[in-house]
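Chain and residue survey
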Amino acid sequence: ADGVRVTKSSSSTGFTGAAHFYTVYFEGQNVAGDISQLEYEYCANGIPGGVNASNSNVSIKTILQGGSVEHQRITLSSDSGTIEQVSSFMVSISDHNSNSLSSGCLQWGVSSLGLASVAGTEVRVGSLIVGSNGVTNIGDNTFDIHASGFVEGVIDVGDKVNPGGNCLGKIIESRATTVRVLSENGSCGANPGDQFDIIPDTSIIEYFSGQRTSVSQIVSVTLFSDRPVLTNASFFKLQLTIDGVSMFTSCLHFGVDAGTVQTEIDSLFDYNQDGVIDSMDSGHIHVTRHGDGSATWGYGYVYDFESKGSSMYAGTSIVLGTNAPTIEVIKNIGSSGGCSDASGIEDTIDSSVSTVDGNSQIIFPSTVSGSLHPGNRIKIDASSDPDRIYFVDNISLDGLTVTLTENFDGTSMSQMATVDLISGGVPQISVEVTRHGVDEYFYDLFFIGRFWGNLSPAQVNVFGDGSCDATSAHILDGMNRYIGATTIAEGGEPSDVIVLDSGYHGDEEGATDIFDVPPIFRVHDDTSEIQQMIIKDDDGTVIWGSVSPSYKVSFLGESTGCIDYDGEEAEVENALNGLSNLCPSVGACVTVTKSVDSVVAPNGFIYNIYFNGEEVARKNIADPGVGGLIVDLSHTDCVAFDTAGGEAIELVTLKQGSWSEAFSSTTIPLGSLASSSMPGKWRGKNALGLPLYRVTGMAWTVEFDTYLGNAPPLEGDIGTLPASAASVVIHDDVVRGINPTTA
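Position numbers for residues start from 1 in each chain and track the written sequence from start to end. Whole-chain, interface and lining totals are the exception, using all residues; otherwise, since this is a predicted model, local features are given only for residues with pLDDT of at least 70 and side-chain atom pairs are given and counted only at 80 or more. Hydrogen atoms and water are omitted, and side-chain values are computed over all heavy atoms in the structure.

Our next topic: the nonpolar core. In this description, a nonpolar core means a group of buried Ala, Val, Leu, Ile, Met, Phe, Trp, Tyr and Cys residues linked to one another through side-chain atoms lying within 4.5 Å. Any residue under 20% of the maximum accessible area for its type is buried, any over 50% is exposed, and the rest in between are partly exposed; the area is computed with a 1.4 Å probe on protein chains only. One finds L238, L240, V261, I265, Y271, Y303 and F305 to be the most contacted residues of the largest nonpolar core, which totals 30 residues. Numbered from the N terminus, helices here are DSSP runs of H or I no shorter than four residues, and strands are runs of E no shorter than two. Contributions of two or more residues to this core are made by β16 (217-224), β17 (234-236), β18 (238-242), α2 (258-266), β21 (285-290), β22 (301-307) and β24 (326-329). In what follows, a contact means two residues having at least one pair of non-hydrogen atoms within 4.5 Å. In this structure I265 touches L240, T249, Y271, I285, V287 and F305, once residues within four positions along its chain are discounted.

A few words on the sheet that holds strand β6 (residues 91-94). Any two strands are treated as partners once DSSP identifies two or more bridges connecting them. Taken in spatial order, the 3 strands of this open sheet run β7-β6-β33, and their pairing is antiparallel. The open sheet has two edge strands with one neighbour each: β7 (100-102) and β33 (459-460). Pairing analysis gives 3 bridges linking β6 to β7, with the strands arranged antiparallel. Paired with I93 across the strands is L101, a residue of β7.

A word on the pattern of salt bridges. For salt bridges, the criterion is a side-chain nitrogen of Lys or Arg within 4 Å of an Asp or Glu carboxyl oxygen. Applying the stated rule across the entire model yields 13 salt bridges. Between R481 and D79 there is a salt bridge, with the nearest N and O atoms lying 3.2 Å from each other. Taken as a pair, R481 in strand β35 (residues 480-489) and D79 in the loop between β3 (70-78) and β4 (82-83) lie far apart in primary sequence, 402 residues in all. Using a relative accessible area of 1% as the deciding quantity, one classes R481 as buried. Judged by relative accessible area, which is 23%, D79 ranks as partly exposed. Ionic pairing is found between E306 and R435, a salt bridge with its closest N-O pair at 3.1 Å. Here R435 lies in strand β31 (residues 428-435) and E306 lies in strand β22, a separation of 129 residues in the sequence. Of the residues examined, R435 reaches a relative accessible area of 34% and is grouped as partly exposed. Overlapping salt bridges bring together R388, E406 and D409 as one network.

This brings us to the state of the cysteines. Cysteine sulfurs are considered disulfide-paired once they come within 2.5 Å of each other. Summed over the entire model, instances satisfying the criterion amount to 5 disulfides. Covalently, C105 is tied to C468 through a disulfide, its sulfur atoms 2.1 Å apart. Between C105 and C468 the sulfur-sulfur dihedral comes to about -90 degrees; the bridge is accordingly left-handed. Of the two residues, C105 sits in the loop between β7 and β8 (106-107) while C468 sits in the loop between β33 and β34 (475-476), which places them 363 residues apart along the sequence. Between C251 and C339 runs a disulfide, and the two sulfur atoms are separated by 2.0 Å. Between C251 and C339 the disulfide shows an S-S torsion of about -90 degrees. By sign, it is left-handed. With C251 in the loop between β19 (245-248) and β20 (252-253) and C339 in the loop between β24 and β25 (345-355), this residue pair connects regions lying 88 residues apart in the sequence. Residue classification places C251 among the partly exposed residues on the basis of a relative accessible area of 24%. Given the relative accessible area of 8%, C339 is considered buried.

What follows deals with the sheet that holds strand β15 (residues 205-208). As summarised here, the arrangement of the 5 strands in space is β15-β32-β3-β35-β23, forming an open sheet in which the pairing is mixed. Every interior strand has two partners, whereas the edge strands, β15 and β23 (315-316), have only one.

And the structure:
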C-alpha cells in the first residue's frame, strides 16, 4: 500500500535456522507516527501439506516505535521559602503493557527521579518460558537455552535477556527453539519452567534543572477603546484553563471592579486540591484593577491576575509556576457568547426598515447616505435579541440597501423595523502574559528507548496528601507547594525533530546548517500567501490633493486603526498583526515590506504582505474583498482618499498560499529534483546521523587574526575527488593585510 515499504531477507529458506524475515517500513504521510502492531492469522488455503501451528511459527514484533520521542516534565513549584528534608513527592509511569513503575517517595529537589534505573530493573517482555531441556553450558561464558516455543523472530540476535532472573546476557544466536546467550557474569542458573525474560531497551534521558528562583505568573487583561465607552452591558466572559480543563466566569461589564472579578475567579477551581471548592480556594489568583476609563488609560482598564497561591492557607496551590492558568477572553463576546452586546447612545435612523431573517441586507425607504457609514454599529428592534448590535459592512450607491457584516437573525418585516445608530467607543480586549511563571525545580524525561511509544501522563501525588511524609507544617517561610506532571511531546506522534545517535560536539550554537548525501532533492518552495497593496495617485494634475489621506484595513469585520497613506512598514505590519481575527495569538502573523515603483504605483508605494506567521503560514488566505482583507478609503475616523482625483488603493494576491511542510531551523521541506514546487519523498529506510551535503558547493572565508601584513595565497587540493567534477578556487586579497610597523 502507499506509504509502506517491505523488504525480505535475501538468503532465507523458511526452514529451521533460516526463517523468512519481512521488515515493514511505515514511511508515508498517512502512516506517520506510531502504528499499532500488525496481527496475523493462519489461512487454510495455500499452506503446504503438513505445515501447521505445531511445527511452524509466525511472529510479529515492533522493532522501532514510530514517531516522536515521548517527553514528559515533572515540576516542583513553590510560592517562597524552603521545605524540610523529608520525603515529599513520588512519580509513577505506566507503559503500554500496563506495567507501573514508581520512583518511590523522594525529597523535594532531589537530583534525580531514578526512573531509568527502575525501568531497567523491572520492565520485562515476552511470553516464553525456559523449555524442558533447560540450559547447556558450552563454554567461554556461553549457554544454550531451550525455550518453550519458536524463538526466531521473537528473540533476536543482540537482544538482552535474563531467563529465570539468573542468566543475564545477550543473544548471539537464535535458531528454532534454542538461543545461545553470552553471559555477562559467566553463569546461567535458569531452570525449566522459569520465565524467559527479554529485557527491552528502556533508556530514559533525565534532565534536572537544579534549584531556581520561583516566580509567580502575571496575566494582564486590558479593556480599551478609541473613545469613551458609554455602556454598562455585561458583554464578555473570562476563560481559565488549568491542566486542560477550562472554566469561565459569568458575563462581566466594561470596567467591572476587581472584587467582582476576584469572586468569579475564586469559584472556578478547587485550587488547593482538597476535593471541594470553598473559602480555602479564595485568593490563589490575586486580581487587581488599574485605570479609570479616561483617555490616559485608553478609555479603559487593566486587570492583573497574579497566580501566587493562597496567603491565608498553607498547603497545595495548583496555580504556582508554569502551572498557572491560561487566561483568555471567550472568543464570542456579546450576544453571540451568551452576554449582551456593548451599546452606547442610541439615535433612531428610520422606523420603516425591511428585514429578512438569514439575509445580510436590510432595505431603507429613503437614502441613508450621510447618516450611516461602513463600520457603524446599529440595533434592529426586529432582531431575535433586541440588544444585539450589528456592524455595517457597506452601503449601496443609492443609499437604500445596507449590507451587514453578518446575516440578520430575527423577524422578517416589510417597512416596519426600527434601526438605531449606536455611538460611543467600541470596547476592545487584549490579553498578555506580562510575567511568566517559573518553577523551583523541574525534571525533563525523554523516553528514547525502543520499548517506549506513546505513554500515559506520569502520575504524581498531591503535596501533603499522606502519600509521602511531607505536610504543610514542613514548609519554612512559605505557604504553598505544587507537584505537577505535563506531557511536552506525545510519543509516537508525527514529528519534525531529528534524533541524533550521539550528542553534538562543536563550536556552533543555536541554529546551524546540516548536510546530507544523495538521493538529491531540491528545497521545496515556500508556499505561504503573498498579497500586495498598491497605493497610488495616477492623476497628473494635483498629486495627493487630499494632502495626507489615511485608510483602514478590515478582516472578517474587524478593522485596524487609521493608517497613513505613506506609513512605514512597521506601521502597516503592526496594524495587521493587531487584527485578532487574522492573528489570534500573541505572535506576529504577517511581515510587510515597502517599496516604490513609478510605473505600478505612481506617486505612491507598494506594500508586500507576507503571511508567514505560525497562524497563517503555508495556508490559502482568502482573496482581498472575498472574505479576506478589505480596504476602507473613506472611513469617518480617517482622512478620506480623493478617489475622483486619482488617489486609490489596490489590494491583490501575488501568490496563492497552499499547505506544505515548514522550513525552519530544524526542518527542510523536500522538493523533487525535477521541480522545487513538487514535494520530494525519501525512499530509503529510516536512518539517523546521516550527513547532509549541498551539491551546489561550499564557500569558506578565512580571516587571519594574528598574521600581520599581506599573507601569501592559500593553496587548494581536491584530494580524492574527481578532477573532472570538483575544483577548489581561492580568491586572495578579499581584504589585503597591512603591517603598520613597516614602511
